[in-house]
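Examining the three-dimensional arrangement
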Amino acid sequence: MRTSDGVTWVTVVGFVVGVGILLVLLAVVGVGDVLTAVSTLDPSLLVALLCVAVLWMATWSGSLYLTSRTFGVNITPLDSFLVYVHMMFLDNVVPFSSISADPFAALAVATATDSEYETSLATVITVDFLNFVPAPVFGIVGLVYLFVGGSVDETMRPLTLSLVALLVGLSIAGYLGWRYRYRIGAVGAKIVATTSRAGNFFPHVSPLSESDVDRRLEDMITHLETMASDRRTLLAVLALATSGWGLLAATLWLSLYAVGHEVPVSLALFLVPLVTVLELLPLPGGMGGYESAFVALLVALGGISPPPATAGILVHRGTTYWLPVVLGGSVIPFIFRRWENRDADG
């Protein structure tokens, strides 16, 4: 079986499992009660919610634009937005989120911008990492606020602390990965060379020798160091990343408000980055596990009963999960038409 076929089957199985978990959640909470809560949705608030969600995607696509320009890739703000929503589409349909989606997202970036694959992979990894950087800050500050206010129920403290610990752990891993990038690159060169010979796991990369892979990884690390040395652009990207998290939290707050429940803004700012780590589950975009954890935390920390909490989360996911899936999937013909035109010109 080809690797692409394997990825497809894993994705299909992931969606089946994710939908199954959602159905169990709805059965436990009560389908009728959830539908009743959804029926109270204010249409005008839904329009506002969609606008905020698009603004969130546009803000984080700005990170792609600035990073691409820093790496010498010629791309317009519109193309950055289209390519970024496609990256989000991949993150949401491939299990383990960006960990497994980045190689495919890099192919899309290379195709749309006519750039080298290594440059595109460095761009994708940089954007994903920098967009994630503010998440632990939001999570830790929110946790401190909630603990001081006594809002964290005793039964939920282990789960809450575990998720925060995972956020911090990912941040530490990112720091250590950067500090020891050359050592990790040497080990990665051996793994990638072996994998590429075994089955062409990475798209648009033919079977390579260890020296070839090592050279490509060094090129990618050089690009990452270029971003690290450009302080002005780095700060601009981090500012966009922080704004994006704020807008994402606003979608949660609006989603709950739209079904009749107003929660503290601090709770929304805390929960969004906290639960986002569940997208690392072997499910497309964390489907099922993400919603279930969100409902449990909203009931415990926000004092909301399960039906409206579930309704609010479904609305929230409709604009932050399914909307990027639809938009990101719809730009596939645009991106790969560029690929076909490039081959024809070549």
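Residues numbered from 1 in each chain as written. Predicted model: local features only at pLDDT ≥ 70, side-chain atom pairs only at ≥ 80, totals over all residues. Heavy atoms only, no water.

**So, the overall build of the protein chain**
Secondary structure summary: the protein chain contains 15 helices and zero strands in total. Put simply, the protein chain has 346 residues, and 49% of those count as buried. Long-range contacts, defined here as pairs at least 24 residues apart, represent 74% of the contacts in the protein chain between residues at least 6 apart. As presented, the protein chain carries roughly 15700 Å² of accessible surface, and 67% of it is formed by carbon and sulfur atoms. (Helix = DSSP H or I, 4+ residues; strand = E, 2+ residues; numbered from the N terminus. Buried < 20%, exposed > 50% of the residue type's maximum accessible area, 1.4 Å probe, protein only. Contact = heavy atoms within 4.5 Å. Areas by Shrake-Rupley, 256 points an atom, 1.4 Å probe, with all protein chains shown as cover.)

**Concerning the packing of helix α3 (residues 43–70) against helix α14 (residues 306–330)**
To describe two helices that pack against each other, one gives the angle between their axes and the distance between the axes. Running from amino to carboxyl end, α3 crosses α14 at an angle of 55°, the nearest separation of the two axes being 10 Å. It follows that α3 is oblique to α14 by the angle criterion. Crossing of α3 over α14 shows right-handed handedness. In this structure, α3 uses Leu 49, Leu 50, Ala 53, Val 54, Trp 56 and Met 57 to contact α14, whose residues at the interface are Val 315, Thr 319, Thr 320, Leu 323, Pro 324 and Leu 327. In the contact of α3 with α14, the residues fall into ten nonpolar, two polar and no charged. (Axes fitted to C-alpha atoms, helices over the stretch in contact; angles between N-to-C directions. Parallel < 35°, antiparallel > 145°, perpendicular 65-115°, else oblique. Left-handed = near helix turned anticlockwise from the far one by under 90°. Nonpolar A, V, L, I, M, F, W, Y, C, P; charged D, E, K, R; others polar.)

**Some points on a nonpolar patch on the surface**
On the surface, Ile 172, Tyr 175, Leu 176, Tyr 180 and Ile 184 cluster together into a nonpolar patch covering about 470 Å² of accessible area. Ranked by the residues each element gives to the nonpolar patch, the list is headed by helix α8 (residues 157–179), at three residues. (Patch = residues over 30% accessible without salt bridge, like charges linked within 9 Å, V, L, I, M, F, W, Y side chains within 5 Å. Salt bridge = Lys/Arg side-chain N within 4 Å of Asp/Glu carboxyl O.)

**Concerning the nonpolar core**
Ranked by size, the top nonpolar core spans 69 residues in total, and within it Met 87, Leu 252, Leu 271, Phe 294 and Leu 298 carry the most contacts. It is helix α4 (residues 77–93) that contributes the most residues to this core, ten residues altogether. Ignoring any residue separated from it by four or fewer positions in sequence, one finds Leu 298 in contact with Leu 256, Leu 267, Leu 271, Gly 303, Ile 304, Ala 309 and Ile 313. Residues Phe 71, Leu 224, Met 227 and Leu 234 belong to the second largest nonpolar core, which totals seven residues. (Core = buried A, V, L, I, M, F, W, Y, C linked by side-chain atoms within 4.5 Å.)

**Concerning the confidence of the model for the protein chain**
Mean pLDDT over the protein chain stands at 78; residues scoring 70 or higher make up 72%. A low-confidence stretch, residues 1–6 (pLDDT under 50), is modelled with five contacts involving residues beyond four sequence positions or located in other chains. The low-confidence segment residues 201–205, where pLDDT is below 50, has 15 contacts with residues more than four positions distant or belonging to other chains. (pLDDT = per-residue confidence, 0-100.)

**Some remarks on the packing of α4 against helix α6 (residues 117–132)**
Interaxial distance between α4 and α6 falls to 13 Å at its minimum, and their mutual angle equals 75°. Judged by the inter-axis angle, α4 sits roughly perpendicular to α6. Note on element contacts: α6 touches α4 through Val 124, Val 127, Asp 128 and Asn 131, opposite Tyr 84, Met 87 and Asp 91. Taken together, the residues of the contact of α4 with α6 sort by class into four nonpolar, one polar and two charged.

**Some remarks on α4**
Spacing of three or four residues puts side chains on the same side of an α-helix, whose turn is 3.6 residues. Taking 1.5 Å as the rise per residue, α4 with 17 residues should run 24 Å; its terminal C-alpha atoms sit 24 Å apart, in good agreement. By the criterion of burial, α4 is predominantly enclosed, with 15 of the 17 residues buried. (Expected span 1.5 Å × (residues − 1).)

**With respect to the packing of aromatic side chains**
This structure, assessed with the given rule, holds five aromatic pairs. Ring centres of Trp 60 and Trp 245 lie 5.3 Å apart, and the angle between their planes is 75°; on these two criteria the pair is classed as edge-to-face. Within this pair, whereas Trp 60 is found in helix α3, its partner Trp 245 is found in helix α11 (residues 231–258), the two being separated by 185 residues in sequence. What makes Trp 245 buried here is its relative accessible area of 4%. When the ring of Tyr 321 is compared with that of Trp 322, the centres are 4.8 Å apart and the planes differ by 90°; the resulting orientation is edge-to-face. These aromatic residues form a ring-pair network of at least three members: Trp 56, Trp 60 and Trp 245. Geometry around Tyr 290 places Arg 317 over its ring, the cationic atom sitting 3.9 Å from the centre. (Phe/Tyr/Trp six-rings, centres within 6.5 Å; stacked < 30°, edge-to-face > 60°. Lys NZ or Arg CZ within 6 Å of the ring centre and 35° of its normal.)

**As for the environment of Leu 66**
The topology assignment puts Leu 66 in helix α3. Between the C-alpha atom of Leu 66 and that of Thr 233, which follows or precedes it by 167 residues, the distance is 6.8 Å. Not counting the four nearest positions on each side in its chain, Leu 66 is found in contact with Thr 233, Ala 236, Val 237 and Leu 240.

**Re the environment of Leu 274**
On the secondary structure map, Leu 274 appears in helix α12 (residues 265–276). Taking relative accessible area as the criterion, Leu 274 reaches 0% and is therefore assigned buried. Residues Leu 274 and Ser 162, 112 residues apart in the sequence, show an inter-C-alpha distance of 9.7 Å.

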